[in-house]
Structure formats: C-alpha cells, structure tokens
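# Observations on the three-dimensional arrangement
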Amino acid sequence: MSNRPKIIAVPLLLGSLIVLTAHASLAHAASTPYPQRIVSLAPSVTETLFALGFGHRLVGVTTYCDYPAEAQKLPKIGGFINPSLEAIAAQRPDLVIGVNDSNHPVKAREMERLGLKVALVSVNSVDDILNSIKSIAYMIGSPEAGEKLVRKIKRQFDEVQKRVASAPRRRTLLAVGLRPLVAVGGRNFLDELITLAGGENISGNAAQPWLNLPDEYVVAKAPQVIIEAGMGSDRGRVARNWRDLESIPAVKERRVYAYPSDKILRPGPRIGEGLQEIARLVHPECFAEAKPGFNKGSGCEGSRP
Amino acid sequence: MKVLDRKKMILVNGVLLALLALSIVGCALLGPVRLDLTQALQNIFSSNPNSEILFRARLPRVLLGVAIGGGMASCGVVLQALLGNPLACPQMLGVSGGASLGGIVGLIFFPNWLLPLAGGLLGEISWVPLAAFLGALLSMLFVYRFSLFHGRLHPYHLLLSGVIFNSFIAAVIMFLNSIIDFYQAQGLLFWLMGSLSTRAYLTVAFIWAYIIFGFLWLWAKGLSLNLITLGEEAAMQLGVETGQLQRQMFVASSLMIGAMVSVSGMIGFVGLMVPHVMRLIVGSDHRLLLPASFLAGGIFLCWADTLARILLAPAELPVGIITAFFGGPFFLFLLYREGRRTLAL
C-alpha cells in the first residue's frame, strides 16, 4: 500500500514536466517572434524549408526526407505516416509542420495536447503547393523568400508552357508501379502537371488520386506516352512489360519511359523541375534544340529550327 | 458408405461445367471498357485494340481466376476434412504466409530481375512468383516438421503451427513494410491484397497444369477423405492409412496453395466459403464435393474478379474485397436456412 502514492506521483511529475517544458517553449516563442526549432513531418516540407534557405532551423525530419543531402544528417522523428510523438517532443520544437492529408491532422491534435505548436499545409493541387510554400515562408518570418521561390517555380512553368503551347496534346499514362499498375488519377497535382506538360492523363477522370488500373483500360484509352515514375524502375523492364500490347501507340512509337526518381512525385519546391521532366518525356521534340529537323512540323513554339 | 450416385454426379458436375463455360465467356465479354467483338475476332493476329483487350488483357485473367478459384476451393475442402475443422482454409496453413514473405522479399530486393525462359525465346518471367514459391516450399517443410510426431501429422499441431507461423510471418512482413521506401510500401500492400491481373498465357498454363495435377491427386483420395471425416480411429479401422493420407493431402494442398499465392497473392474467402456452400448443396461425399467445389470456386472467382474490374471503373478493386463482400452474406444466409431446416426436423 505504501508505494501507491509514489505510483501516482510519477505520472503527475511527468505531466507537470511536460506542461513546464511546453510553457518554456511558448515563452521562448514569444520572445523571438519566429520559430527557430522546426520539425518537418513530410519530405516536401523539408525540401521547402531548405529551398527557402531556412534548412538550418530544422531540428527533426522524417526518415523519408532525403533531399537535399543535408536533410539526411538531421535527427529523425519517425516515418511520414507514423512520426513518433516522443521523438518530436524531445527536440523541443517551437513549430511542427505537417501536411493535410495522411493522418497528420490526427497526430496534430495529439501534439497540440502536448503543448506543441503545429501547422498543417495542403498539397493536393499545384495551387495548394504554391500556397504551402508561401505560408511556410510566412510562418518562419520570411514571406519575401516564399514569393521569390514561387516566382521561380512559375517561371519554370511558363518556360515549359511556352515550349509545348501549340504542340498537340498527347494522351499520357503516369504510373508508379507496374504489378499491379498504380496510376495517377484526378484530384492529384500530378494530373495537373501532366496537363501543364502538354499531355492528357488517361485516368484523369477518376475520383481517386491514385488508382489501380486494369490492363484493358490502358489498351482502350490508347496512351501515346507511358511513364513509370516509381523508384528503382528501369526503362528496359517497363518497355518489356508493355511489349505485348502493340496496339497502344506509346508501345508502337516507343514512347515508354521509366523515370527512376521521386523528384516529380513530391509536392514540394521541385515541382517546376518535375514538370520539365514530364514535359521532356511527353514532348521530347519540343526540347530537342540539338537536333535540327527532328521537330519539323511538331508545332513546338519554343523549339528553334 | 453409400454408393456414389452416378446420376447425381453427372447432373451436378454437368450443370456446373456448363455454368463455368458460360461464366468464362461472359466474364471475357464484360469489363470496364466496351469491346467490339466482331473487330476482336476478325483480326486476331494483327494488333488491334479489341483483340488485345479480349485475348491479352481479359482472357488470361479470366482463365487464371478459374484455376485459382477452383484450386482454392478444392484445397479448402480437403483441409476442412483433414483437420476436422470447419474454419480450416488455405490461408491458414502457413504456406500462404511463407509464399507472401518470399514474394515480398523478391519484390523489395530484386524487383528488376527477370528470368529468361529457354534463353529468352519464351519471354521472361519475373523472379517474384519464383521467390514466393520458394517461400511456400520452405514454410511447408517447416510446418510439416513441427507437426510430425512418430510418422504422423497431428491435425491440431498442423493447424496451430500454421496459424502461429502465419502470424510470425505477418510480423516480419509488417517489419519489412516499415523499413522500406514509401512508394515500395504502396506496391507491397497492393501485392498482398492479391490480384488476378496477368497477360502471360505461359503463367496461366503452368498454374492450370499444376492445379489439375494436384486436384486429381486430391480427388483420387475422395473415398478416404469421406472416411477420415468420421474420425481418425474409425477411418483406420475401415482400412485407411490415415498417417499416409494426411501426409499426402498436406503436401498436395500445400504445393497447390504455394503455386496459387505465388501468382495471385492472398485471395481470401474462396477456400473457406465455397466448400461449405457446396457441402450444403450437394452433400459431403468428397467424390462429388471435390469436383463440384472446384467448378463452383472457379465460377465464383471468375465473377468476383469481373465485378472487381467493373464496380469502380476505371479503378480496379482488390478482388478479395468482392469475394468477402458478396460471399459472406450469402454464406450466412445458407447457414441460417440449413440450421432452421435441421432444427425443425
């Protein structure tokens, strides 16, 4: 019986400790107006902070945050879906930034109960992504850095748009896995990027952002370009996978590509570069200045004879 | 033991066979995209979209579905008799877990390895199903060894070691899932959910040969299976070599399950439910129950996969969702009706 009070005392003590540290960090936040110790819950947020020039304020990132290389050296707070509250709290952050999909809203409520300040940004569309960059810049007290970065991305967009403006739209399949075939649906910023790149997403009418497509649908939609943007995919394998469906124009015309990078898959500051990559695959003739004559009659505005 | 009713045998299997043939044709004609049949049949050898949809995208898939459905159902029948447990199903044996782990290791570590067949003349096949089958064989040996005492396989040990082995494997899979890349994890989950998507007739032919062989082996033991459902001792007194029968049936069904999970992942519910439904309809004489379950399982999975392709078109649903969603309530209804009838007697 005598140790009963001790058992109760331990959580009480721990609880007050958490409250105290929370107060301490709030007090700290009050004295310096902008967050100095930031934890990122998503690779795109980490990339955004580095791109804004505030990577040094990060004190915790997910295990998936591998870009830029400096991000890999930062303390890890768990995965994208399962960040560890303990690991986050241990960094005594004055701001935690996550994204609005996944389970971050639920995690955010738990973190707020621990007294942490949490901000969530939406990244479901291109506009969302640009706004998320601006609002992250605003939160860290450098709105002009945000404006500058967004201007840079928009310039990249404009440049691509100019090149593909009058090129014919190509029906495009953008997939992240072959077996089973997982493709980009509607309500996905990648669907918008395909359109901006002068393509037309063959599964853009789907309600889901990602969907598992049956082969027959791909044959019926006859894509002119097939891109597999999964990790570790090689072009030979992707091409072999489609080899037997010769009626698909992309297969006949050898426009089946593997894109072994996640640059275009992350809703972060590299979407401008991602768009360029997609556009290069959808309309290679619009980017082929080196080969005069190759793009004759392609209708590419930006390509020079 | 009652003499096998030949008329019933021919009638039941004849009707089911006709339904299966209709289902194969029907499922090959139905899908999320419209198919111009005359176009498809006119130019079989030139590449036109209609013939590719029918002969490359749909038909191999439908045929694979029939083989897997039939194989799962007949393995379910045998396992329920062998283990004396109505809950026994192919997913319980440990083999399926081993196959999943093998497949996932292949998927994570050698996703781009391809094995050329006959020096590349017959195309290439992925290592993933081979790794899965290897996993199935190893786990079969493991579970077998842990349930074999004094030359006899013990049903309880078989069931429990299978279930425990599967939970252990599930933990390993979840562990692998939490350390791999985010996009790989996505693919892994889809693989685990199971799919009949295939365009390789060679794979389909392999699976058919395998399943037919296994099925004939199981069917040949139909009479002994009838006796073993009376209890092991009764069967022994009636002249059944129960030890040998159990070992043979375990190996035969494990090999079949391993091959099936290797190509289509874990498609649940067919192996559990179809045997029970058919037992309620045709009775529990295994000489009839086995072929009837094979045919019914084929019909069921064939339609389930067609629904999976159509319901949320253009998105494809995991076929396991359909098998459980439509099979479950139907099974409960039959069970309830049967219970009311027998209690009223």
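Values in this document were obtained by computation on a predicted structure and should not be read as measured data.

Now for the overall build of chain A. Helices and strands together make up the secondary structure of chain A, namely eleven helices and ten strands. For chain A, the proportion of its 305 residues judged to be buried stands at 48%. Within chain A, counting contacts between residues at least 6 apart in sequence, those at least 24 apart form 57% of the total.

When helices and strands are tallied, chain B shows 14 helices and four strands. On C-alpha atoms alone, chain B measures out to a radius of gyration of 21 Å, which is about the 20 Å that the 2.2 N^0.38 rule sets for 345 residues. Within chain B, buried positions represent 48% of all 345 residues. Taking all contacts inside chain B whose residues are at least 6 apart in sequence as the whole, residues at least 24 apart take part in 77%.

All names here are of chain A. Reading across the sheet, the four strands line up as E2-E1-E3-E4 and stay open at both edges, with parallel pairing between neighbours. Across the chains shown, the open sheet's two edge strands, defined by having one partner strand only, are strand E2 (58–60) and strand E4 (118–121). Across this sheet, the average inter-strand angle for adjacent strands is 35°, counted without regard to direction. The strands touched by helix H4 (residues 104–113) are strand E3 (95–99) and E4; relative to E4, the strand with the most contacts, the crossing angle is about 165°. Here helix H5 (residues 126–139) sits on the sheet in contact with E3 and E4, set at roughly 160° to E4.

Residue and element names in this part refer to chain B. If you check helix H6 (residues 155–179), its first and last C-alpha atoms are 36 Å apart, about what 25 residues at 1.5 Å a residue would give, namely 36 Å. Turning to H6, its buried residues are Leu158, Leu159, Gly162, Phe165, Asn166 and Ile169. Contact partners of the buried residues in H6: helix H3 (49–83), helix H4 (95–109), helix H5 (127–147), strand E4 (152–153) and helix H11 (242–264).

A word on the interface of chain A and chain B. Opposite the 30 residues of chain A that make contact, chain B presents 29 residues. Of all the secondary-structure elements, those providing two or more residues to the side of chain A that touches chain B are strand E5 (170–177), strand E8 (210–212), helix H8 (215–221) and helix H9 (235–242) of chain A. In terms of residue count, H8(A) provides more of the side of chain A that touches chain B than any other element does, five residues in total. Split by residue class, the side of chain A that touches chain B holds 15 nonpolar, eight polar and seven charged.

With that out of the way, let us pick up H3(B). Residues and elements named next belong to chain B. In this model, H3 (35 residues) spans 49 Å end to end at C-alpha, consistent with the 51 Å of a helix rising 1.5 Å per residue. Of all bends in H3, the biggest is about 40°, found at Arg58, and the proline Pro60 comes one to four residues later. Extensive coverage of H3 is indicated by the burial of 33 of its 35 residues. Directly after H3, the chain includes Gly84, whose backbone phi takes a positive value near 60°.

Residues and elements named next belong to chain A. Taken domain by domain, chain A consists of domain 1 (4–121) and domain 2 (165–287). Taken together, the contact pairs five residues of domain 1 with five residues of domain 2. Its residues assigned to classes, the side of domain 1 that touches domain 2 shows two nonpolar, two polar and one charged.

Quick look at the packing of helix H8 (residues 201–220) of chain B against H11(B) now. All names here are of chain B. Two numbers describe how H8 lies on H11: the axes approach to 10 Å, and their chain directions differ by 160°. Relative to H11, H8 is oriented roughly antiparallel. In the crossing of H8 with H11, the sense of the turn from one axis to the other is left-handed. Taking contact as the criterion, the partners of Thr203, Ile207, Tyr210, Ile211, Gly214, Trp217 and Leu218 in H8 are, on H11, Met249, Ala252, Ser253, Leu255, Met256, Ala259 and Val263. In the contact of H8 with H11, the residues fall into eleven nonpolar, three polar and no charged.

Residues and elements named next belong to chain A. Counting buried positions over the eight residues of E5 gives eight, a clear majority of the element. In this sheet, strand E7 (residues 199–201) lies alongside E5 in parallel orientation, the contact comprising three bridges. By the bridge assignment, Arg170 is partnered in E7 with Gly199. Sheet topology places E5 next to strand E9 (residues 225–228); four bridges connect them, and they run parallel. Bridge pairing links Leu174 to Ile227 in E9. Bridge count for E5 against strand E6 (residues 182–184) is two bridges, and the pairing is antiparallel. Its bridge partner lying in E6, Gly177 is registered against Val182.

Now for the pairing of E9(A). Residues and elements named next belong to chain A. Going residue by residue along E9, you find Val225 and Ile227 tucked away on one face and Ile226 and Glu228 tucked away on the opposite face as well. Examined bridge by bridge, E9 and strand E10 (residues 256–258) share three bridges and lie parallel to one another. Looking at the pairing, Glu228 lines up with Ala258 of E10.

On to the environment of A:Val251. All names here are of chain A. Within the secondary structure, Val251 is located in helix H10 (residues 249–252). On the neighbour-count criterion, Val251 (22 C-beta atoms within 10 Å) is buried. Between the C-alpha atoms of Val251 and Gly115, which are 136 residues apart in sequence, the distance is 56 Å. Contacts of Val251, omitting those with residues within four sequence positions, involve Trp242, Arg243, Leu245, Glu246 and Val256.

With omega at -10°, the peptide bond leading from A:Tyr67 into A:Pro68 counts as cis. In this structure, A:Pro68 sits in the loop between E2 and helix H3 (85–90). In the segment running from B:Ala313 into B:Pro314, the intervening peptide bond is cis, with an omega of 5°. Relative to the elements of secondary structure, B:Pro314 occurs in the loop between helix H13 (286–310) and helix H14 (319–344).

Two quantities define a packed helix pair, namely the angle between the helix axes and the distance between the axes. Residue and element names in this part refer to chain A. Between helix H6 (residues 143–164) and helix H11 (residues 271–282), the least distance of the axes is 8 Å, while the angle of their chain directions is 15°. Our classification of the angle between H6 and H11 gives roughly parallel. H6 and H11 meet at a crossing whose hand is left-handed. Mapping the contact onto sequence places Lys152, Ile153, Gln156, Phe157, Val160, Arg163 and Val164 in H6 and Ile271, Gly272, Glu273, Leu275, Gln276 and Ala279 in H11.

The rules we used
Residues numbered from 1 in each chain as written. Chains lettered and ligands numbered in written order. Predicted model: local features only at pLDDT ≥ 70, side-chain atom pairs only at ≥ 80, totals over all residues. Helix = DSSP H or I, 4+ residues; strand = E, 2+ residues; numbered from the N terminus. Buried ≥ 20, exposed ≤ 12 C-beta atoms within 10 Å, placed from the backbone. Contact = placed C-beta atoms within 7 Å. Rg over C-alpha atoms; globule rule 2.2 N^0.38 Å. Pairing = 2+ DSSP bridges. Axes fitted to C-alpha atoms, helices over the stretch in contact; angles between N-to-C directions. Expected span 1.5 Å × (residues − 1). Nonpolar A, V, L, I, M, F, W, Y, C, P; charged D, E, K, R; others polar. Bend = angle between axes of the 7 residues up to and from the residue. Domains from an automatic or database assignment. Parallel < 35°, antiparallel > 145°, perpendicular 65-115°, else oblique. Left-handed = near helix turned anticlockwise from the far one by under 90°.

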